[in-house]
Every structure is written in structure tokens, then in C-alpha cells.
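Chain and residue survey
Take a look at the letters that make up each chain.
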Amino acid sequence: MNAQPTLLGLKVDIDTYEGAKEGIPRLIKLFKRHSIPASFFAVMGPEHSGRAVFRLFTHKGFLKKMLRTKAPKAYGLKTLLYGTLLPGPMMSEKLKHHYRMIISEGFELGVHGYDHIAWHNDLTKWSEEKIRGEYDKIREAYRKIAGKDPESLGTPGWQESADHLKVTDSLGFSYRSDTRFSQPFYPEKDGYASSVPEIPTTFPSLDEVLGNEDVLKGKGPFDVMMQRLQEGKINIFTLHTELEGRFYLRFFEEFILKLKEKKGMEFLTLQAIADRVRENDDIPRRSFHMGEVPGRAGKVAIGGEVSA
Ligand SMILES: [Zn+2]
């Protein structure tokens with residue numbers, strides 16, 4: 001029996017224009033139908049998803065993964081051409097009504113990088129100065145939508161670096177959600193200790209689970225997710241407007257219903273979870289490293305050892 005409530009935060013990443021246009025209104029409707037909060041993290045710059053297709057040549061297994069996850073069908077042909085044969089749409093301009101709808105409907109809107117593909121590929125190599133320039137563009141775009149500075153962020157592809165910690169600490173973000181780990185921590189890297197909490201994604205993402213052996217044998221991907229729920233603890237599930245907001249909406253809703261049936265469940269925005277974390281002085285300081293998670297090509301930031 002758990003005396004502690006099971007906290008669950010839904011982190012909705014907005015990566016692609018096509019996915020956002022359909023997925024944002026549908027997910028908002030779903031969350032309202034079930035009276036649950038959620039936190040959206042939106043790309044502010046141009047979409048160049050098509051360029052990710054070129055990873056096919058640089059990452060072993062990407063083509064296999066694309067076919068296995070039916071990515072071309074799930075993402076749509078246009079998405080795969082943006083930034084290659086078609087010019088990439090400027091997300092914060094073309095989706096400004098959608099982004100404003102997130103706020104006006106009472107949900108949290110954080111930022112998810114500028115050019116998703118560039119951030120995912122290069123953030124860990126960028127200098128402090130380069131990252132600061134990126135945040136100048138992000139904050140300007142966000143202010144045009146919300147009339148204030150962004151307070152929360154999640155980097156594309158769970159990328160993190162000491163320079164990124166430094167810049168975002170100085171810009172007054174109240175928390176970050178950039179890594180994979182079981183529970184929140186204060187991140188430390190290369191001798192730099194951040195005073196801003198990291199609220200990590202604790203579940204695998206849907207595209208990672210689709211290639212899971214149990215799923216290939218016929219088990220539902222969200223049944224696999226249920227096994228990863230940490231009762232009496234903080235849980236963060238990252239979903240994507242182009243997947244759970246479209247083809248997988250019905251399955252995602254079943255997952256929500258199953259979670260709601262659990263005793264002691266409390267759904268919160270990531271901001272509310274971060275507020276609780278800040279009130280708790282037991283939260284450890286941890287380093288992180290770039291490592292692999294099952295079912296995902298490339299590396300993500302993963303929480304590590306407790307620092308002294
Ligand atoms: Zn993303």
C-alpha cells in the first residue's frame with residue numbers, strides 16, 4: 001500500500017507542423033474530456049523534419065525503425081519533405097493560433113527548441129554563445145504568442161549539456177525536462193551545478209515501445225507503458241502531437257482511462273510537479289551522460305550518479 005500519491009505529468013512535444021495542426025486540438029479535447037492537465041512543449045522555429053530522413057544514411061537501423069513504426073504513414077509525406085524539397089514552415093508563426101489555444105484553454109506552454117532537427121543533432125556541440133543566440137530567437141517568438149517569457153522547456157530529443165544548463169539557468173526558467181531518469185534531480189555537468197530542477201521523462205516514448213518484443217508479439221504498446229508506472233512516485237510521460245494526437249489517439253485515451261482507474265493517481269502539469277520538487281529538500285544533485293535507450297536511434301541524456 002502506498003501512502004504517497006502517484007503523480008503523473010503529461011509532456012506533449014510539438015515537433016511537426018502537420019502533427020500540431022491536427023494533434024493540438026484533438027489532444028486538448030481529450031484532456032478536457034477527462035479533466036486532466038497537461039504541459040505542451042512547442043518548437044518555435046522552422047520545421048525541417050525532412051532533413052531527419054538523411055539520418056537514414058548516418059544511423060544504422062533507422063530505415064528499419066522507420067518501416068517498423070510506419071513512420072512515413074504516421075508522419076505524413078509533407079512532414080518528410082519539409083526542409084528538403086519543400087521549405088520548412090515557421091512553426092511559431094503558422095501555428096500561433098494553436099499555440100495560443102493551448103494557453104487560453106488552461107494548459108501549460110513551454111518551449112522545445114528552435115529548429116528541432118538542428119537542436120537534436122547539434123545542441124551538445126554548441127557553445128554557450130550559440131545557445132544564447134538560439135534562446136534570443138525562441139524568447140522573441142514566444143513573447144509574440146504569450147506576451148511574456150517562457151518559463152519551462154524541454155529540449156528536442158532529450159539533449160543536454162553544461163552550456164545549455166548555464167544559459168537556461170540565467171534566463172529564469174523554473175525547471176527543465178531534458179533527460180530520461182526515474183525521478184527529478186538537480187543536474188550537474190563538467191563542474192557546473194544547476195539550481196533549476198530537472199523533471200525527467202520516466203516512461204519510454206511510444207515510438208520506442210512499438211519495436212519492443214512484447215509489442216511485436218501482439219501486446220498493446222500502452223499495456224507495456226502501464227508496467228512502467230512507478231506507484232507512489234513522480235511519473236512523466238512524453239507524447240507527440242503527430243503520434244498520440246493522430247493515429248494513436250484512441251489507444252492513448254485507453255491508457256488515460258486505465259491510469260485514471262488507478263488508486264491515488266494525481267495528474268499535474270510539469271510546472272506543478274516542479275513546484276513540489278522545489279519544496280522538497282531531499283532532491284539529489286546528479287550528473288548525467290549521453291547514452292542509449294532501447295528502441296531509439298542516437299543518444300539521449302540519462303540521469304546518473306548522485307554528486308557529492
Ligand atoms: Zn521533439
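Residues numbered from 1 in each chain as written. Predicted model: local features only at pLDDT ≥ 70, side-chain atom pairs only at ≥ 80, totals over all residues.

**Observations concerning the overall build of the chain**
Condition: Strands here are runs of E lasting at least two residues and helices are runs of H or I lasting at least four, both read from the DSSP assignment and numbered beginning at the N terminus. In this description, any two residues whose backbone-derived C-beta atoms lie within 7 Å of each other are considered to be in contact.
Of regular secondary structure, the chain possesses 15 helices and 11 strands. Within the chain, contacts between residues at least 6 apart in sequence are counted, and of these 76% link residues at least 24 apart.

**Some points on helix H10 (residues 162-170)**
What counts, and what does not: Exposure is read from a count of other C-beta atoms within 10 Å of each residue's own; the residue is exposed at 12 or fewer, buried at 20 or more and partly exposed in between. C-beta atoms are placed from the backbone.
Within the span of H10, buried status applies to Asp163, His164, Leu165, Val167 and Thr168. Phi turns positive one or two residues past the end of H10, at Gly172, with a value near 80°.

**Let's talk about the sheet that holds strand E11 (residues 300-306)**
In sheet architecture, strand pairing relies on hydrogen bonds along the backbone and comes in two forms, parallel and antiparallel. Worth spelling out the cut-off: The pairing criterion for strands is at least two bridges between them, as found by DSSP.
The 4 strands lie next to each other as E7-E6-E10-E11, forming an open sheet whose pairing is mixed. Looking at which strands have only one partner, the edges of the open sheet turn out to be strand E7 (192-193) and E11. Of the pairings in the sheet, the one linking strand E6 (residues 186-189) to E7 comprises 2 bridges and is antiparallel in character. Looking at E7, one finds that Glu188 is bridged to Ala193.

**What about the packing of helix H9 (residues 128-146) against H10?**
Defined as follows: Helix axes are fitted to C-alpha atoms over the stretch in contact, other axes to C-alpha atoms as well, and angles between N-to-C directions run from 0 to 180 degrees. An angle below 35 degrees is treated as roughly parallel, one above 145 as roughly antiparallel, one from 65 to 115 as roughly perpendicular, and anything else as oblique. Here a crossing is called left-handed whenever its near helix is offset anticlockwise from the far helix by less than a right angle, and right-handed whenever the offset is clockwise. Amino acid classes used here: Ala, Val, Leu, Ile, Met, Phe, Trp, Tyr, Cys and Pro are nonpolar; Asp, Glu, Lys and Arg are charged; the rest, including Gly, are polar.
At their nearest, the axes of H9 and H10 sit 9 Å apart, and the two run at 45° to each other. Considering the angle they form, H9 stands oblique to H10. Note on packing geometry: the crossing formed by H9 with H10 is right-handed. Together, Glu128, Ile131, Arg132 and Tyr135 of H9 and Asp163, His164, Lys166 and Val167 of H10 make up the contact between the two elements. Looking at the contact of H9 with H10 residue by residue, the classes come out as 3 nonpolar, 1 polar and 4 charged.

**A look at H9**
The condition is simple: Expected helix span is computed as 1.5 Å times (number of residues minus one). Each C-beta atom gives one direction from the helix axis, and the arc is the one those directions make.
Under the 1.5 Å per step criterion, the end-to-end length of H9 is 26 Å for 19 residues, consistent within 8% with the ideal 27 Å. The complete set of buried residues in H9 reads Glu134, Tyr135, Ile138, Ala141, Tyr142 and Ile145. Seen along its axis, H9 keeps its buried residues to an arc of 130°; they face one direction. Counted as exposed and oriented over 90 degrees from the buried face of H9: Glu129, Asp136, Glu140 and Arg143. Summarising the contacts, the buried residues of H9 are in contact with helix H6 (91-94), helix H7 (96-104), strand E3 (108-111) and H10. Where H9 ends, the next residue or the one after it, Gly147, has phi of about 75°, a positive value.

**Quick word on the nonpolar core**
Short version of the rule: The term nonpolar core means buried Ala, Val, Leu, Ile, Met, Phe, Trp, Tyr and Cys residues held together as one set by C-beta atoms within 7 Å.
With 55 residues, the main nonpolar core has Val12, Phe40, Ala42 and Met44 as its most contacted residues. The contact partners of Val12, leaving out residues within four places of it in the chain, are Leu27, Ala38, Ser39, Phe40, Phe41, Leu239 and Thr241.

**Regarding unusual backbone geometry**
You will see that Trp158, though not glycine, has its phi angle at about 50°, which is positive. Here Trp158 shows up in the loop between strand E4 (152-153) and H10.

**Description of the pairing of E6**
With 3 bridges joining them, E6 and strand E10 (residues 285-291) adopt parallel strand pairing. Within E10, the position partnered with Glu188 by the bridge is Ser287. Hairpin connection, E6 to E7: the antiparallel pair is bridged by 2 residues, and Asp190 has positive phi, about 50°.

**Structural notes on the environment of Ile199**
For Ile199, the location among the structural elements is in the loop between E7 and helix H11 (206-209). Remark: the alpha-carbon pair of Ile199 and Thr179, spanning 20 residues in sequence, is separated by 7.6 Å. Once you skip the residues sitting within four places of it in the chain, Ile199 turns out to touch Tyr175, Ser177, Pro184, Ile236, Leu270, Ile273, Ala274 and Val277.

**Brief notes about the environment of Lys166**
Looking at where Lys166 falls in the secondary structure, it is placed in helix H10. Distance from Lys166 to Arg132, taken between C-alpha atoms, is 9.6 Å for residues 34 residues apart in sequence. In this structure Lys166 touches Glu128 and Tyr192, once residues within four positions along its chain are discounted.

**A closer look at the packing of helix H1 (residues 17-33) against H7**
Where H1 meets H7, the axes come as close as 10 Å, and the angle between the chain directions of the two elements is 15°. Classed by the angle they form, the pair H1 and H7 counts as roughly parallel. In the packing of H1 onto H7, the handedness of the crossing is left-handed. Residues Ala20, Lys21, Ile24 and Ile28 of H1 form the contact with H7, whose own contacting residues are His98, Met101 and Ile102.

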